[in-house]
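Given next are the chains, with one letter for each unit.
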Amino acid sequence: MTHSAASFVDALAGIRLDNVFNPYTDLCSLYDKPDAASRRRRNLELSLTAAIEFEVRTVWVARDLGYRGGRRTGLALTDEPHLDAYSALFHGLPVQKATKGPVMGERTANTIWRMLSRLTQPVFLWNVFPLHPHEPDDPMSNRCHTARERDTCADFLHAVIDILKPTQILAIGGDAHKAVANMGIESVQVRHPSYGGQNVFIRQIEEAYALPTETQPDLFTQPAA
């Protein structure tokens, strides 16, 4: 695989697997605009190009794209309500919404972007399996990718690392950390923010980036008059 952003995206768009939605080629008949796949390809190409130009040295890696997030945007760990935040992270990147109708949010993306908004440096977001695996006959579902699917797309994570040469790789969740390790890549595991892991994830990101501890308001203490 060549390492330009355009060739990277073109290669990814060419992957075809059963029970897998490729957002860079496939169209959803329910939600996508007619040019949705090309919009998502452009979103990813712009993102990777910007990461190269800004010399981004931190990569966050999750497991796979979800149907409420990356399936719609083409961007890992990013749902439609946070496209503007994604743009701001890369100083005005012109990413676009690819679907019709109202925006759709994702709980994991909300916590991820809550923390990214506190950083002073861009981060490149990626997935071990960079497509959306779903259950048979249920495209609006999420499932864990298989080992065969991961092997099919392993070159893309290696290419991201070769291109960006990150000094820090954070694996979000145990599944992502195990998969990354199986691919021979070292990473630091942080808790996935779903299923009760939100507070642990927040504390771990604060520690990793030396951020001040986020304090929650005390509902029993009233401000002085």
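Coordinates for the structure precede this section.
This is a predicted model, so every value here is computed, not measured.

**Student:** Honestly, the overall build of the protein chain in this entry has me stumped. Any pointers?
**Tutor:** Helix and strand counts for the protein chain stand at eight helices and six strands. Computed over the C-alpha atoms, the radius of gyration of the protein chain is 17 Å, within 12% of the 17 Å expected from 2.2 N^0.38 for a compact globule of 225 residues. Each principal axis of the C-alpha atoms in the protein chain carries an extent, and together these give about 60 × 40 × 35 Å. Total accessible area computed for the protein chain in this model is approximately 11,000 Å², and 50% of it derives from carbon and sulfur atoms. Positive and negative side-chain charges of the protein chain, numbering 23 and 26 respectively, have mean locations separated by a distance of 3 Å.

**Student:** Can you help me understand the pairing of strand S2 (residues 58-64) in this one?
**Tutor:** Regular strands place their side chains on alternate faces of the sheet. When you tally the buried positions in S2, you get six out of seven residues, the bulk of the element. Sheet topology note: the S2/strand S5 (residues 168-172) ladder contains four bridges and is parallel. Paired with valine 59 across the strands is isoleucine 169, a residue of S5.

**Student:** Looking at this structure, how should I read helix H1 (residues 5-13)?
**Tutor:** Each α-helix winds once per 3.6 residues, and so residues spaced three or four apart point in a common direction. Along H1, the positions that sit buried rather than exposed are Ala5, Ser7, Phe8, Val9, Leu12 and Ala13. Considering only its buried residues, H1 is in contact with helix H2 (36-53), strand S3 (124-129) and helix H6 (147-164).

**Student:** Even after reading the chapter, I still don't get the packing of aromatic side chains, so can you show me in this structure?
**Tutor:** Under the criterion given, the structure shown has eight aromatic pairs. Centre to centre, the rings of phenylalanine 8 and phenylalanine 156 are 5.5 Å apart; their planes meet at 90°, and the pair counts as edge-to-face. Pair noted here: phenylalanine 8 is in helix H1 and phenylalanine 156 is in helix H6, with a separation of 148 residues, a long-range link. On the accessibility criterion, phenylalanine 8 (0% relative accessible area) is buried. Taking the relative accessible area as the measure of exposure, phenylalanine 156 reaches 4% and is therefore buried. Measuring from centroid to centroid gives 6.2 Å for tryptophan 60 and phenylalanine 201, while their planes differ by 90°, and the two rings are edge-to-face.

**Student:** For this particular structure, what's the right way to read the nonpolar core?
**Tutor:** As a rule of thumb, nonpolar side chains are buried together in soluble globular proteins. The biggest cluster of nonpolar side chains holds 66 residues, and the ones touching the most others in it are Phe8, Trp60, Phe124, Leu125, Trp126 and Phe201. Ranked by residues supplied to this core, first place goes to H6 with nine residues. Residues within four places of tryptophan 126 in sequence aside, it is in contact with Phe8, Leu12, Leu44, Val59, Trp60, Val61, Ala62, Ala76, Phe156, Leu157 and Val160.

**Student:** Would you explain the environment of glycine 70 in this entry?
**Tutor:** By the element assignment, glycine 70 lies in helix H3 (residues 70-73). Overall, the relative accessible area of 3% leaves glycine 70 in the buried class. In this structure the C-alpha to C-alpha distance between glycine 70 and leucine 116, which are 46 residues apart in sequence, comes to 17 Å. Filtering out sequence-adjacent residues up to four positions away, glycine 70 remains in contact with Pro23, Leu65, Leu75 and Thr78.

Parameters and conventions
Residues numbered from 1 in each chain as written. Predicted model: local features only at pLDDT ≥ 70, side-chain atom pairs only at ≥ 80, totals over all residues. Heavy atoms only, no water. Helix = DSSP H or I, 4+ residues; strand = E, 2+ residues; numbered from the N terminus. Rg over C-alpha atoms; globule rule 2.2 N^0.38 Å. Areas by Shrake-Rupley, 256 points an atom, 1.4 Å probe, with all protein chains shown as cover. Lys, Arg positive; Asp, Glu negative; His and termini not counted. Charge placed at Lys NZ, Arg CZ, Asp CG, Glu CD. Buried < 20%, exposed > 50% of the residue type's maximum accessible area, 1.4 Å probe, protein only. Pairing = 2+ DSSP bridges. Contact = heavy atoms within 4.5 Å. Phe/Tyr/Trp six-rings, centres within 6.5 Å; stacked < 30°, edge-to-face > 60°. Core = buried A, V, L, I, M, F, W, Y, C linked by side-chain atoms within 4.5 Å.

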